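Each chain, letter by letter, is given below.
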Amino acid sequence: MARALRTSLLGEGMEQLAVEITCSHCQQHYQEPKLLKCCHFFCKNCLQDLLMGGATREENAQCRSAIQCPECKETTNLNNGGQPTATAIGELLEKQLPPVLYVEHLKQLYERVAKLNGKQDTPCDSCLELKASAFCQQCMEFFCNECVASHRKMKVKFAGHKIFSFDELKKNDSGFLPLNQPSTILPVKCQVHEEPCK
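It should be emphasised that the depicted structure is a prediction, and the values quoted were computed from it without experimental measurement. (Residues numbered from 1 in each chain as written. Predicted model: local features only at pLDDT ≥ 70, side-chain atom pairs only at ≥ 80, totals over all residues. Heavy atoms only, no water.)

### Quick look at the overall build of the protein
A count of helices and strands for the protein gives seven helices and seven strands. Counted from the first residue to the last, the protein has its helices and strands arranged as α-β-β-α-β-β-α-α-β-β-α-α-β-α. Residues classed as buried in the protein amount to 38% of the 198 residues present. For the protein, the proportion of contacts with a sequence separation of at least 24, taken over those separated by at least 6, is 51%. Summing over all exposed atoms, the protein offers an accessible surface of approximately 11400 Å²; the carbon and sulfur share of this is 48%. (Helix = DSSP H or I, 4+ residues; strand = E, 2+ residues; numbered from the N terminus. Buried < 20%, exposed > 50% of the residue type's maximum accessible area, 1.4 Å probe, protein only. Contact = heavy atoms within 4.5 Å. Areas by Shrake-Rupley, 256 points an atom, 1.4 Å probe, with all protein chains shown as cover.)

Structure, rendered in structure tokens:
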């Protein structure tokens, strides 16, 4: 059922989007993704578990002071002045590893497009009053008919923006989703493998 829901509106594009927002460690949608030195990223809780080395999360348990990336095995050191305790790990990760904001944005997009698949009303991101009827690929926002007209009138600011009606999206022949357009969202590349991070 979930697979059918993911593929019903956007086919392979939606499948690929689901892969992009799934942590390779826990196989769940990312929760607070954090970027390692090698440019691979994982959920904050997954990184905490890696630092714990399988130990329980007792308050005084000693933890590793470096994370070995599960993908490429490169080490990311944490500057903590010694071995952190289990209670300090979350704070260390929060302060020293940057968030992966574009993944959070992709998660929001995925959830909203999934709503379209479920035929739920999607509100316009611009006016917040009317039901959305189209999507701007560059802004990654949903618009009602009135706001689409305004968006198209502002040619200087929004020149080259591709707006797709929901009917075009459902036909699945529009080349929709930033995953089909590398210039829209540039993937983070692994410094070791020179490939997009997953």
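Having seen it, we continue.
### Here's the deal with the packing of aromatic side chains
Under the defined criterion, the tally for this structure stands at four aromatic pairs. Here the aromatic residues Tyr 30, Phe 41 and Tyr 102 are joined through ring pairs into a cluster of three or more. (Phe/Tyr/Trp six-rings, centres within 6.5 Å; stacked < 30°, edge-to-face > 60°.)

### Quick look at the sheet that holds strand β5 (residues 134-136)
Strand pairing in a sheet takes place through backbone hydrogen bonds and is either antiparallel or parallel in direction. Taken in spatial order, the three strands line up as β6-β5-β7 in an open sheet, and their pairing is antiparallel. A single partner strand is all that each edge strand has here, and the edge strands are β6 (141-143) and β7 (163-165). If you compare each strand with its neighbour and ignore which way they point, the axes differ by 30° on average. With three bridges joining them, β5 and β7 adopt antiparallel strand pairing. When the sheet's bridge partners are listed, Ala 134 is paired in β7 with Ser 165. In this fold helix α5 (residues 145-153) packs onto β5, β6 and β7, with an angle of close to 110° to the strand it touches most, β6. (Pairing = 2+ DSSP bridges. Axes fitted to C-alpha atoms, helices over the stretch in contact; angles between N-to-C directions.)

### Concerning the pattern of salt bridges
Tallying each qualifying case throughout the model produces six salt bridges. With its nearest N and O atoms 3.1 Å apart, the salt bridge here joins Lys 95 to Glu 91. You can see Lys 95 and its partner Glu 91 sitting in helix α3 (residues 86-96), four residues apart, about one turn around the helix. Via salt bridges that share partners, Glu 32, Lys 34, Lys 44 and Glu 94 belong to a single interconnected network. (Salt bridge = Lys/Arg side-chain N within 4 Å of Asp/Glu carboxyl O.)

### Some remarks on helix α2 (residues 44-52)
When α2 is considered as a whole, its buried residues turn out to be Lys 44, Cys 46, Leu 47, Gln 48, Leu 51 and Met 52. Remark: Gly 53 follows α2 within two positions and exhibits a positive phi of approximately 65°.

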